[in-house]
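Analysis of the macromolecular model
Chain residues, written in single-letter form:
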Amino acid sequence: MRELLLIAVILTSFNPIKGKADIGENGTGEINGYQIGPKADLSYAKLQGANLSGADLSDANLREANLSDSNLSGASFSGANLSKANLSGANLSRVNLSGADLSGAYLRDADLRYANLSGADLSGADLGGAYLWNANLSGADLTGANLTGVWWYDTICPDGTNSDDNGDTCVN
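Residues numbered from 1 in each chain as written. Predicted model: local features only at pLDDT ≥ 70, side-chain atom pairs only at ≥ 80, totals over all residues. Heavy atoms only, no water.

Another aspect to go through is a negative patch on the surface. A contiguous patch of negative charge on the surface is contributed by Asp-154, Asp-164, Asp-165 and Asp-168. Along the chain, Asp-165 falls in the segment after strand 5 (151-153). (Patch = residues over 30% accessible without salt bridge, like charges linked within 9 Å, V, L, I, M, F, W, Y side chains within 5 Å. Areas by Shrake-Rupley, 256 points an atom, 1.4 Å probe, with all protein chains shown as cover. Salt bridge = Lys/Arg side-chain N within 4 Å of Asp/Glu carboxyl O. Lys, Arg positive; Asp, Glu negative; His and termini not counted. Charge placed at Lys NZ, Arg CZ, Asp CG, Glu CD. Helix = DSSP H or I, 4+ residues; strand = E, 2+ residues; numbered from the N terminus.)

Spelled out as C-alpha cells, the structure:
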C-alpha cells in the first residue's frame with residue numbers, strides 16, 4: 001500500500017498545471033505564483049496545460065517557457081519574447097503574436113487558426129503539423145523554420161499572398 005501511495009505522490013508532483021489563471025478584464029492575473037500581465041518575466045516558467053485564455057502578455061519575456069498543451073486562445077503576446085518556448089499542442093487560436101520573437105520556438109501541432117503573426121520572428125521555429133488556417137503571417141520571418149505538415153488554409157503568407165493562391169502553402 002505504501003508503494004502505491006508513493007507512486008501517487010510522485011505522479012502528482014509531475015502533473016502539468018491544470019486550471020485557469022485568475023485573469024481580470026484587463027488581461028492580468030496570477031497562476032501558481034506567476035504574475036500574468038504586460039511585460040511580465042515568465043522566462044523558463046513551467047506553465048504546461050495552463051489556461052491563460054484572454055491574458056495580456058504583450059512585451060512579456062517568456063523565453064524558454066513551457067506552455068505546451070496550454071489554452072492561450074484570445075491572448076495577446078504582441079512584441080513578446082517567446083524564443084525557444086515550448087508551445088507544442090497549445091491552443092493559440094485568435095492570438096495576437098504580432099512582432100513577437102518566436103525564434104527557435106517549438107510549435108509542433110499547435111492550433112494557430114486566426115492568429116496574428118504579422119512581423120513575428122519564426123526563424124528556426126518548429127511548426128510541424130501546426131494549423132495555420134486564416135492566420136496572418138504578413139512580414140513574418142520563416143527562415144529555417146520547419147513547415148513540414150503545416151495545415152494552410154486562407155493564410156496570409158509573409159509576402160502578402162494567400163496560401164490558397166500558392167498551391168495551399170506559403171512555402172516558396
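From this point, things continue past the structure.
Secondary-structure assignment places Asp-126 in the loop between strand 3 (34-36) and strand 4 (131-133). Accessibility expressed as a relative area gives 15% for Asp-126, which makes it buried. C-alpha of Asp-126 to C-alpha of Leu-107: the two residues are 19 residues apart in sequence and 5.5 Å apart in space. Contacts of Asp-126, omitting those with residues within four sequence positions, involve Ala-105, Tyr-106, Leu-107, Arg-108 and Asn-146. Here Gly-128 takes part through its backbone nitrogen, which lies 3.0 Å from a polar atom of the side chain of Asp-126. (Buried < 20%, exposed > 50% of the residue type's maximum accessible area, 1.4 Å probe, protein only. Contact = heavy atoms within 4.5 Å. Polar contact = N/O pair within 3.5 Å; in protein donor to acceptor, adjacent residues only side chain to side chain.)

Bringing the nonpolar core into the picture now. Of all hydrophobic cores here, the largest spans 50 residues; its most connected members are Leu-62, Phe-77, Leu-102, Leu-112, Leu-117, Leu-122 and Leu-127. Residue contacts for Leu-122: discarding those within four places in its chain leaves Leu-102, Leu-107, Leu-117, Leu-127, Leu-137, Ala-140, Asp-141, Leu-142, Thr-143 and Ala-145. (Core = buried A, V, L, I, M, F, W, Y, C linked by side-chain atoms within 4.5 Å.)

Our next topic: the side chain of Ser-93. By the secondary structure assignment, Ser-93 is in the loop between strand 3 and strand 4. Apart from the residues within four sequence positions on either side, Ser-93 is in contact with Ser-73, Gly-74, Asp-111 and Arg-113.

What follows is about the confidence of the model for the chain. Residues at a pLDDT of 70 or more form 87% of the chain, whose mean pLDDT is 89. Element-level mean pLDDT values for the chain span from 37 in helix 1 (residues 2-13) up to 97 in strand 4. Per-residue pLDDT stays below 50 along residues 1-17; that stretch engages in nine contacts with residues further than four places along the chain or on separate chains. (pLDDT = per-residue confidence, 0-100.)

Before going further, it helps to spend a moment on the pattern of salt bridges. Per the counting criterion, the structure on display carries three salt bridges. Taking the shortest distance from any N to any O, the salt bridge between Glu-64 and Arg-63 comes out at 3.7 Å. The class for Glu-64 is partly exposed, based on a relative accessible area of 32%. Looking at Arg-63, the relative accessible area reads 27%, which means it is partly exposed. The salt bridge involving Arg-113 is made with Asp-111; its shortest N-O contact spans 2.6 Å. For Arg-113, a relative accessible area of 31% translates into the label partly exposed. Judged by relative accessible area, Asp-111 falls into the buried class, the value being 13%.

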